Amino acid sequence: MSSQSTPILLPPELIEQIISELWVAPQIPQERILLFKTLCRVSRMWLGLFLRVAMRDVHIPYPLFARDFLRLLPERAIVQGDADLFTAEATALVNRLCRSLSFHVNGGVSSTGAPMKEPAIKLYSQTDAAPTAISTVLYMVSTFEYLPNLRHVSINYTDWGYDDLFDQLRLAIFPSQVTHLSLQYAFSGRAVLPLAVYLKALYTRHQQPRFTIPTLRHLTMSGVPTEFVGDMLQVCPELETVEIENPARLYVLAPLPESVRTLVLRVPGLTLSREQMHWWMLAAAMDGKLFHRETKGRIVVRAGTPDPVAWTETKRHCKRYGVELAYEREESDSPCS
């Protein structure tokens, strides 16, 4: 009898599902680049399956990836002529499949991904390649009407100031087919945290938006001051759903745009304390007519187990103003009230 074992061949559908779950999992840019390079080298079949996943949910971790991504867009691919296997297959897929674009802007690394010597926060930059890549890609997609199935744009800032998005007009030209926008700000390391707290407290509202995005319907924000949320509400006047992580001082947002029907408050953690709910200052927000009087407003809280007494009080107060308050466990999609 032969001692050699027969290799187990997985069906392509299962391989694609495994690749998809790996790709959509949260990762830092360095991990995503390593995964990208690894999956491209397994075999031609794996390359084809991976490209379907990667071109459906595109990540641009560094500026050089933005340049490579723009090479895949139809007219550019024609001008460039003969391409390698990767470029040829990716070009055929991206315009048909791409549904989301995620940009990663890190003030603590160079344009090639090398870490800076000293931790710091970049307040803004007119010439930095990473945020410029956002403007360039969105301009190309919008102007030449690429990616017709694109619906979600996500921008992830690390160690970066809040004003860059507004002052440098990063979203001034925005694809009209996109309905969802996610903005996430994070700060790495203890060395920059005191400055991050200071920047959040120092943030002041912009008087008038220099651009608007009337096609957006869903806006998600995390790591931002409430005043930043207020500025984005001016930029996006036709929103229907607004989601905020670790909200505070919601009275700053009153009144919400008339189109907003749902406000999602996300608080990561196993529990939701009375103190955390107190900082929402919902009573003051309701007094300021948070929702338009013709709108049947709804607040959805996604969090751990709430303090029962504080939750009951909050729900009663919302009901007094005709606003529905619903609860969803952070790890579950099933709502309860």
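Source: prediction; values computed, not measured.

> Can you help me understand the packing of aromatic side chains in this one?
One pair of aromatic rings is described through two measures. These are the centre distance and the angle between the planes. On inspection of all chains with the given rule, the structure shows 15 aromatic pairs. Here the aromatic rings of Phe144 and Tyr146 are separated by 5.8 Å at their centres, their planes lie at 20 degrees, and the arrangement is stacked. With a relative accessible area of 4%, Tyr146 lands in the buried category. Consider the rings of Tyr203 and Phe228, whose centres lie 6.0 Å apart with planes at 55 degrees: the pair is tilted. Of this pair, Tyr203 sits in the loop between helix H9 (193-202) and strand E5 (218-222) while Phe228 sits in helix H10 (residues 226-235), and the two are 25 residues apart along the sequence. Here Tyr203 falls in the buried class, since its relative accessible area comes to 7%.

> Looking at this structure, I do not really get the pairing of E5. What am I missing?
In summary, the side chains of a regular strand alternate between the two faces of the sheet. Across five bridges, the pairing between strand E4 (residues 180-186) and E5 is parallel. By the bridge assignment for E5, Leu183 is matched with Met221. Alignment of E5 against strand E6 (residues 241-245), held across four bridges, turns out to be parallel. If you follow Met221 over to E6, its bridge partner there is Ile244. Regarding the hand of the β-α-β motif, the stretch spanning E5, H10 and E6 is right-handed.

> I keep staring at H10 and nothing clicks. Help me out?
Among the ten residues that make up H10, nine are buried, leaving the element largely enclosed by the rest of the structure. Residues Thr226, Glu227, Phe228, Val229, Gly230, Asp231, Met232, Leu233 and Val235 constitute the buried set of H10. In this structure, the buried side of H10 is in contact with helix H8 (164-167), E4, E5 and E6.

> Is there a simple way to think about the environment of Gln177 in this case?
By the element assignment, Gln177 lies in the loop between H8 and E4. What makes Gln177 buried here is its relative accessible area of 19%. Between the C-alpha atoms of Gln177 and Glu145, which are 32 residues apart in sequence, the distance is 9.1 Å. One polar contact links the side chain of Gln177 to the main-chain carbonyl oxygen of Leu147, over a distance of 2.8 Å.

> Where do I start with a nonpolar patch on the surface in this structure?
Residues Leu10, Leu14, Ile18 and Leu22 make up a contiguous nonpolar surface patch of roughly 300 Å² in combined accessible area. Looking at the secondary structure, you find Leu10 in the segment before helix H1 (12-24).

> Would you take a moment to explain the environment of Arg52 for this structure?
As for its position among the elements, Arg52 is in helix H3 (residues 44-56). Given a relative accessible area of 31%, Arg52 falls into the partly exposed group. For the pair Arg52 and Glu89, spaced 37 residues apart in sequence, the C-alpha separation works out to 9.2 Å. Excluding residues that lie within four positions of it along the chain, Arg52 makes contacts with Glu16, Leu93 and Leu97. Engagement of the side chain of Arg52 in a polar contact is seen with the side chain of Glu16, the distance being 3.4 Å.

> When you look at the pattern of salt bridges in this model, what are you seeing that I'm missing?
Between side chains of opposite charge, a pair can form when the charged atoms approach closely. According to the stated counting rule, one finds 16 salt bridges in the structure shown. Salt-bridge contacts for Glu294 lead to Arg293; the nearest nitrogen and oxygen are separated by 3.9 Å. Note on Arg293: relative accessible area 77%, which makes it exposed. With its nearest N and O atoms 2.9 Å apart, the salt bridge here joins Glu328 to Arg302. Placement of the pair is Glu328 in strand E9 (residues 324-329) and Arg302 in strand E8 (residues 298-306), with a sequence separation of 26 residues. Using a relative accessible area of 12% as the deciding quantity, one classes Glu328 as buried. Owing to a relative accessible area of 26%, Arg302 belongs among the partly exposed residues under this scheme. Within the structure, one salt-bridge network assembled from shared partners comprises Glu16, Arg52 and Arg56.

> Explain the packing of helix H4 (residues 63-71) against helix H7 (residues 129-143) here, please?
For any two helices packed against each other, one specifies the inter-axial angle together with the distance between the axes. Remark: H4 packs on H7, axes separated minimally by 9 Å, with the N-to-C direction vectors making an angle of 20 degrees. As the angle between them shows, H4 and H7 are arranged roughly parallel. Crossing of H4 against H7: the hand is left-handed. Listed contacts from H7 to Pro63, Ala66, Phe69 and Leu70 of H4 are Ala129, Ala130, Ala133, Thr136, Val137 and Met140. By residue class, the composition of the contact of H4 with H7 is nine nonpolar, one polar and no charged.

Thresholds, definitions, all that
Residues numbered from 1 in each chain as written. Predicted model: local features only at pLDDT ≥ 70, side-chain atom pairs only at ≥ 80, totals over all residues. Heavy atoms only, no water. Phe/Tyr/Trp six-rings, centres within 6.5 Å; stacked < 30°, edge-to-face > 60°. Buried < 20%, exposed > 50% of the residue type's maximum accessible area, 1.4 Å probe, protein only. Helix = DSSP H or I, 4+ residues; strand = E, 2+ residues; numbered from the N terminus. Pairing = 2+ DSSP bridges. Right-handed = clockwise from strand over helix to strand, strands pointing away. Contact = heavy atoms within 4.5 Å. Polar contact = N/O pair within 3.5 Å; in protein donor to acceptor, adjacent residues only side chain to side chain. Patch = residues over 30% accessible without salt bridge, like charges linked within 9 Å, V, L, I, M, F, W, Y side chains within 5 Å. Areas by Shrake-Rupley, 256 points an atom, 1.4 Å probe, with all protein chains shown as cover. Salt bridge = Lys/Arg side-chain N within 4 Å of Asp/Glu carboxyl O. Axes fitted to C-alpha atoms, helices over the stretch in contact; angles between N-to-C directions. Parallel < 35°, antiparallel > 145°, perpendicular 65-115°, else oblique. Left-handed = near helix turned anticlockwise from the far one by under 90°. Nonpolar A, V, L, I, M, F, W, Y, C, P; charged D, E, K, R; others polar.

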